[in-house]
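The lines below spell out each chain.
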Amino acid sequence: MNNKNMENTPNNKIYIYILAIFLAVFIGSGVFLVMNNKKINNKEQAVSTSVAQDKPTPTSMPTKGLINLKNNSTVNKVNSPINLSLMADSNGENVTAFDTVISYDPVSIDFVKADSNNPSFKVYSYKKDNRLTLTVVKTGLSSEPSVFKGEEIIKLVFQPKAIGSFSFKVLSSFEKETTKFVNEKTEIIYPGVNEIKVTVN
């Protein structure tokens, strides 16, 4: 009996050692995997944070004053002209020139003319596709400051060719063209713009 117990004791010790080593390896592997997973997650968060920070945030162009359209026709008929006004407020700036880009439907409406209300300014009009660009320049006839305060500065005449509801919109920009004031220091000021609907019966 004693001999058998002595023979089994070394086997039991070896078994216990193997079991202890196995448990140690198992626990060590588990700890390693958990720690490694945390590092990967931290790296992913750091990368996503840096990407979010590097991504540019879209910002709107700051505006001062306004260039807006106004419909002066109470009733619009196919055979009658549409009379629009271009209103301007330069927000206290002394204006020497300005550009205005207007979109409209050239299939249903013809542009007829643009006249300046201010004798100190001359207007040049250019048609292209569905856009009308007005370049208005101060002449050398007047040395008085030109500060717009919401008054009508340009009279626009269009001729409708069809019945329906049509949009006229002052565009902030289109490709390389922009709606803007230029002051006496040749600084560019971007005004607020608008859109109007005109119904032709």
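Read on for an overview of the structure. (Residues numbered from 1 in each chain as written. Predicted model: local features only at pLDDT ≥ 70, side-chain atom pairs only at ≥ 80, totals over all residues. Heavy atoms only, no water.)

1. Focus on the overall build of the protein
For the protein, the helix and strand inventory stands at 1 helix and 13 strands. Listed by position from the N terminus, the elements making up the protein come as α-β-β-β-β-β-β-β-β-β-β-β-β-β. Expressed as a percentage of its 201 residues, the buried residues of the protein come to 30%. In the protein, 74% of the contacts between residues at least 6 apart in sequence involve partners at least 24 apart. Summed over all atoms, the accessible surface of the protein reaches about 13,300 Å², with 57% contributed by carbon and sulfur. (Helix = DSSP H or I, 4+ residues; strand = E, 2+ residues; numbered from the N terminus. Buried < 20%, exposed > 50% of the residue type's maximum accessible area, 1.4 Å probe, protein only. Contact = heavy atoms within 4.5 Å. Areas by Shrake-Rupley, 256 points an atom, 1.4 Å probe, with all protein chains shown as cover.)

2. Some points on the packing of aromatic side chains
Following the criterion strictly, the structure yields 8 aromatic pairs and no others. Each ring, one from F121 and one from F148, has its centre 5.6 Å from the other, and the planes form 50°; the classification is tilted. With F121 in strand β5 (residues 121-128) and F148 in the loop between β6 (131-138) and β7 (149-160), this residue pair connects regions lying 27 residues apart in the sequence. The exposure classification of F121 matches that of F148, with both residues buried. An aromatic cluster of three or more residues is present, and its members are F98, F121, F148 and F181. (Phe/Tyr/Trp six-rings, centres within 6.5 Å; stacked < 30°, edge-to-face > 60°.)

3. Brief notes about a nonpolar patch on the surface
On the surface, Y124, Y126 and V137 cluster together to form a nonpolar patch covering roughly 280 Å² of accessible area. Mapped onto the secondary structure, Y124 falls in strand β5. Judged by relative accessible area, Y124 falls into the partly exposed class, the value being 36%. (Patch = residues over 30% accessible without salt bridge, like charges linked within 9 Å, V, L, I, M, F, W, Y side chains within 5 Å. Salt bridge = Lys/Arg side-chain N within 4 Å of Asp/Glu carboxyl O.)

4. Thoughts on the nonpolar core
Counting 31 residues, the largest nonpolar core has L86, F98, L134, I154, L156, F158 and F168 as the members making the most contacts within it. Among residues more than four places away in sequence, those in contact with F158 are P81, I82, L84, Y104, I109, D110, F111, V112, L132 and F168. (Core = buried A, V, L, I, M, F, W, Y, C linked by side-chain atoms within 4.5 Å.)

5. Some details on the environment of V136
Among the secondary structure elements, V136 is positioned in strand β6. Taking the C-alpha atoms as reference points, V136 and K122, separated by 14 residues in sequence, lie 5.6 Å from one another.

6. Here's the deal with the sheet that holds strand β1 (residues 66-71)
Strand order in this open sheet of 4 strands is β1-β2-β7-β4, and the pairing throughout is antiparallel. Each end of this open sheet is capped by a strand with a single partner; those strands are β1 and β4 (109-116). Strand-to-strand twist in this sheet, taken as the mean axis angle between neighbours without regard to direction, amounts to 25°. (Pairing = 2+ DSSP bridges. Axes fitted to C-alpha atoms, helices over the stretch in contact; angles between N-to-C directions.)

7. Re the side chain of T100
Mapped onto the secondary structure, T100 falls in strand β3 (residues 95-103). Overall, the relative accessible area of 0% leaves T100 in the buried class. Apart from the residues lying within four places of it in its own chain, the contact partners of T100 are I67, L86, L132, T133, L134, V170 and T179.

8. Points about the side chain of K180
The residue K180 is located in strand β11 (residues 180-183) in this model. In this structure K180 comes out as buried when scored by relative accessible area, which is 15%. Engagement of the side chain of K180 in a polar contact is seen with the side chain of D99, the distance being 2.9 Å. Within the structure, K180 has its side chain in polar contact with the side chain of T178 (distance 3.0 Å). Leave out the neighbours within four places in its chain, and K180 touches A97, F98, D99, I188, I189, Y190 and P191. (Polar contact = N/O pair within 3.5 Å; in protein donor to acceptor, adjacent residues only side chain to side chain.)

9. Describing unusual backbone geometry
A positive phi angle, near 55°, is found at N91, a position not held by glycine. One can find N91 in the loop between β2 (82-89) and β3. The phi dihedral of D129 is positive, around 55°, even though this residue is not glycine. Structurally, D129 is set in the loop between β5 and β6. Exposure remark for D129: the relative accessible area of 58% places this residue in the exposed category.

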